[in-house]
Amino acid sequence: MSREVISHRDSHVYEFAPEMDPVYEAADGESLTIETIDSLNGAIRTDDDLLDAIPEEVNAATGPIAVEGASPGDVLTVEIEDVRVAEDRGRVLTAPGFGLLQDDPDIEHPATRITEVDAAGDVDAAGNDGTGGGRIEFEGVDVSIDPVIGTIGVATAEEPVSTLTPDDHGGNLDTTDMTTGTTAYFPVFQEGAMLAMGDSKAAMADGEMCGTGAEIATEIDVTLSVIESPEVPLDRPLVDTGDAVKAIASAETMEAAVELANRDVVRLLANEHGFSRTEAYLFSSLVGGLEVSQVVDPQVTARNAVPSEHLSVPF
């Protein structure tokens, strides 16, 4: 059965807000293909194209997509079935006043390197070889393609939030687990949930240190469904990678972000095992694992990962 295709050409947003007009309403359980443009709207095409400042409008997120039946207090499930690169180049770059080492005098700000998609051998022009493979090239060095969705989220509870900023609704999470095979869960704050996504990368390391991955256009296959009145309330995004369940949290400091992620894991572990809150906290220190998503956005993002043998998704 063919999927509905929702493209950035149809509609995209630069902020997540309480009031958003959907470009499409998906049925509960419907499968879609989402087409995204790179985070800089195709403006960077060669090494000579430099970013003198972060644009006011950045990280175009395709959507928003309403999901039938989604209401505040529910959970939106996003099964990420496939993320495919959709152009022949990515771009990794620095910009003044942005990135982990933005004040280092020996690092150029701005600087750009185009990461061409390797179409050699059995790999097609989009970097796919039919098995999820493909490579990009950085200064003569090959890097495996492992596409991730940088910005993904739902309508916010109260105030508009730029697509540059992550928060409880999701947004610019820049989390490497937002990739093929992962199921992501988002709290629903507004009717219809209003999902949007974009800002994909062909490859990106945890931390996104310079402020970008290999920014690239993608095609994303997803299936959307609604969980009504969840057994455990969800305050922030959660992902199930198949190997682990990971609570994702964003805050002004890394200390605050990891504390939020740990609080979420403690609640989930208490529910899973019938632990007291104290027992769940102690157990989290045995089986949890703190991971850095990104350290460069207006808020930082971290996750707390618990192996699936110790924690399942309670939805």
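Before any of the text, the structure's been laid out above.
Let me sum up the structure you'll find in this document. None of the values given here were measured: they were computed from a predicted structure.

Attention now moves to empty space enclosed by the protein. Considering all chains together, one arrives at two cavities of 30 Å³ or more under this definition. Here the largest cavity is characterised by a volume of approximately 130 Å³. In this structure, the largest cavity is lined by 17 residues; those nearest its centre are Val 58, Asn 59, Phe 98, Gly 211 and Thr 212. Residue composition of the lining of the largest cavity, by class: six nonpolar, five polar and six charged. Put simply, the second largest cavity is a space of about 70 Å³. As for the second largest cavity, its lining consists of Val 232, Pro 233, Leu 234, Asp 235, Arg 236, Pro 237, Leu 238, Ala 247, Asp 264, Arg 267 and Leu 268.

A cluster of nonpolar residues, Leu 100, Leu 101, Ile 107 and Met 209, forms a patch on the protein surface that exposes about 350 Å² of accessible area. Counting through the fold element by element, Leu 101 comes out in the loop between strand E8 (89–94) and strand E9 (111–118). Overall, Leu 101 belongs to the partly exposed group, its relative accessible area being 48%.

Here we take up the nonpolar core. Grouped together as the largest cluster of nonpolar side chains are 28 residues, with contacts concentrated most on Val 78, Met 178 and Leu 224. If you list the elements that add at least two residues to this core, you get strand E5 (31–36), strand E6 (61–67), strand E7 (75–85), strand E16 (183–187), strand E17 (195–198) and strand E18 (218–227). Among all residues touching Leu 224, those that are not within four sequence positions of it are Ala 26, Ala 27, Asp 28, Gly 29, Glu 30, Leu 32, Ile 65, Val 67, Thr 77, Val 78 and Leu 195. The next biggest cluster of nonpolar side chains, apart from the first, holds 18 residues, and it includes Val 75, Leu 238, Ala 247 and Phe 283.

What follows covers unusual backbone geometry. The residue after Gly 63, namely Pro 64, is reached through a cis peptide bond having omega 5°. Tracing the sequence through the fold places Pro 64 in strand E6. Of note, the bond from His 109 into Pro 110 is cis; its omega dihedral lies within 30 degrees of zero at 15°. With respect to the element layout, Pro 110 can be found in the loop between E8 and E9.

Conventions used here
Residues numbered from 1 in each chain as written. Predicted model: local features only at pLDDT ≥ 70, side-chain atom pairs only at ≥ 80, totals over all residues. Heavy atoms only, no water. 1 Å grid on protein atoms, 1.4 Å probe; cavity = no way out; pocket = protein on both sides within 12 Å on 5 of 7 lines; lining within 4 Å. Points joined across faces, edges and corners; volume = space filled by probe spheres on them. Nonpolar A, V, L, I, M, F, W, Y, C, P; charged D, E, K, R; others polar. Patch = residues over 30% accessible without salt bridge, like charges linked within 9 Å, V, L, I, M, F, W, Y side chains within 5 Å. Areas by Shrake-Rupley, 256 points an atom, 1.4 Å probe, with all protein chains shown as cover. Salt bridge = Lys/Arg side-chain N within 4 Å of Asp/Glu carboxyl O. Helix = DSSP H or I, 4+ residues; strand = E, 2+ residues; numbered from the N terminus. Buried < 20%, exposed > 50% of the residue type's maximum accessible area, 1.4 Å probe, protein only. Core = buried A, V, L, I, M, F, W, Y, C linked by side-chain atoms within 4.5 Å. Contact = heavy atoms within 4.5 Å.

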